[in-house]
Amino acid sequence: MLLEKLKEQAGFTNHEKEVAGYILEHLNEIPGMSSGELARASFTSKATVVRLSQKLGLAGYQEFKLKLVEEINQKNRLSKLLEGEPITDQSTYTDIIHTLPAIYDKAVTNTRLALDKNAMNRINNVLQRAECIDLYGTGISYILAQSAVFKFATLGLECSAYESINGHYLAARKNKKTIAFLISFTGANRTVIQMAKYLREGTNNYVVGLLGPHNQIIRRWCHEVVELPNRDSLLSLDVITSFSAATYVLDIFFSLLLASCYEEHAKSSLEMLTHMDLLLDKTENIVDE
């Protein structure tokens, strides 16, 4: 990158450093300046300007200007894309601990406002009668699926998370009422699309997609789709938004199941408490004499 090399000034002579410094301070003016004008403005010579261009790996000053304009345009485009990003290189610890809750809240609020109540009720009706709950994802969405499995399992439900299709497993359980949740933060993950197609065409699973906005292809293989808001951020904050949104949706279904088996779950929880000493390590330290 030219701008980085001009800032580093590695191997530059003193005169070349003068030219580099002037360029960095007057970026928007350079495209309209000739080598002679740049030399006069930086109190150097045309030869110095040309040598600097060649030292930067270019044939001469004209090629330097073309490359510089290209980088300036790219830099301006990047700046526009980053406008409005809640976290920048100037963000402090105090800024971040106040910003993140706002990001979580916005993700959950946008998801809640976008939910189709009728679709959510249809999914819940199938979920209440399901014998098995399977969750599918890749990468971080698989981690989210594992987290959801742990929650559903606390209700005594048969639940598993997968990163791929296990045809033998699905064939062996073809007669069980199974609801399959597929998670894709973009909605266009190729692996998840293939899993959705297999589940819809090759099994009796009820397929629910928790999907980002680019879900035009995969939705044809889903019985229902719950859309997840995605900021399409240039930075990694879109992961936080999507993760929070998907967690919220799955927690809704977990809570609906909890409500439907509340008394039974309360009894099992009380029974668990009677054996709490077996779950907690209360062993006293034994010192050898």
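The present account deals with the structure reproduced in this document. (Residues numbered from 1 in each chain as written. Predicted model: local features only at pLDDT ≥ 70, side-chain atom pairs only at ≥ 80, totals over all residues. Heavy atoms only, no water.)

With that out of the way, let us pick up the overall build of the protein chain. Tallying secondary structure elements over the protein chain gives 13 helices and five strands in all. Within the protein chain, the fraction of its 289 residues that count as buried is 38%. Of the contacts formed within the protein chain by residues at least 6 apart in sequence, a portion of 68% connects residues at least 24 apart. Looking at the protein chain as shown, the accessible area adds up to about 17500 Å², and 53% of this sits on carbon and sulfur atoms. (Helix = DSSP H or I, 4+ residues; strand = E, 2+ residues; numbered from the N terminus. Buried < 20%, exposed > 50% of the residue type's maximum accessible area, 1.4 Å probe, protein only. Contact = heavy atoms within 4.5 Å. Areas by Shrake-Rupley, 256 points an atom, 1.4 Å probe, with all protein chains shown as cover.)

This next bit is on the state of the cysteines. A full pass over the atoms with the stated rule returns zero disulfides. Cysteine cysteine 132 is unpaired, with the sulfur of cysteine 159 as its nearest cysteine sulfur at 9.2 Å. Residue cysteine 132 is classed as buried on the basis of its relative accessible area, which comes to 0%. (Disulfide = S-S within 2.5 Å.)

Scanning the entire structure with this criterion turns up seven salt bridges. The residue aspartate 251 makes a salt bridge to lysine 151 at a minimum N-O spacing of 2.8 Å. Taken as a pair, aspartate 251 in helix H11 (residues 237-260) and lysine 151 in helix H8 (residues 140-153) lie far apart in primary sequence, 100 residues in all. You can call aspartate 251 partly exposed: its relative accessible area is 26%. (Salt bridge = Lys/Arg side-chain N within 4 Å of Asp/Glu carboxyl O.)

The next point concerns the sheet that holds strand E3 (residues 178-184). Pairing is parallel across the open sheet formed by five strands, whose spatial order is E2-E1-E3-E4-E5. Edge positions in the sheet fall to strand E2 (158-162) and strand E5 (224-227), since each of these pairs with one other strand and no more. Strand-to-strand twist across the sheet, computed as the mean angle between neighbouring axes with direction ignored, equals 15°. Note that strand E1 (residues 132-136) and E2 share five bridges and pair parallel. Residue pairing across strands places leucine 135 opposite alanine 161, the latter belonging to E2. (Pairing = 2+ DSSP bridges. Axes fitted to C-alpha atoms, helices over the stretch in contact; angles between N-to-C directions.)

This part covers a nonpolar patch on the surface. Nonpolar side chains collect at one region of the surface, where Ile140, Ile143 and Val239 lie side by side and expose about 220 Å² of accessible area between them. Among the secondary structure elements, isoleucine 140 is positioned in helix H8. (Patch = residues over 30% accessible without salt bridge, like charges linked within 9 Å, V, L, I, M, F, W, Y side chains within 5 Å.)

Here we come to the environment of methionine 1. When you line up the elements, methionine 1 lands in the segment before helix H1 (2-8). The spacing of methionine 1 and lysine 67 is 66 residues in sequence and 9.2 Å in space, taken between C-alpha atoms.

In this section: the pairing of E3. Of all seven residues that make up E3, seven are buried, and the element is covered over most of its length. Strand direction decides the pairing type here: E1 and E3, joined by five bridges, are parallel. Residue pairing for E3: leucine 135 is matched across the bridge by phenylalanine 181. In the sheet, E3 pairs with strand E4 (residues 206-211) via six bridges, with the strands oriented parallel. Residue pairing in the sheet places leucine 182 in a bridge with glycine 209 of E4. Read as a crossover between parallel neighbours, the route from E3 over helix H10 (residues 190-202) to E4 is right-handed. (Right-handed = clockwise from strand over helix to strand, strands pointing away.)

Next up on the list: the pairing of E4. Taking burial as the measure, the six residues of E4 include six buried ones, the bulk of the element. Because side chains alternate across E4, one face comprises the buried residues Tyr206, Val208 and Leu210, and the other comprises Val207, Gly209 and Leu211, equally buried. Sheet topology places E4 next to E5; four bridges connect them, and they run parallel. Within E5, the position partnered with leucine 210 by the bridge is valine 226.

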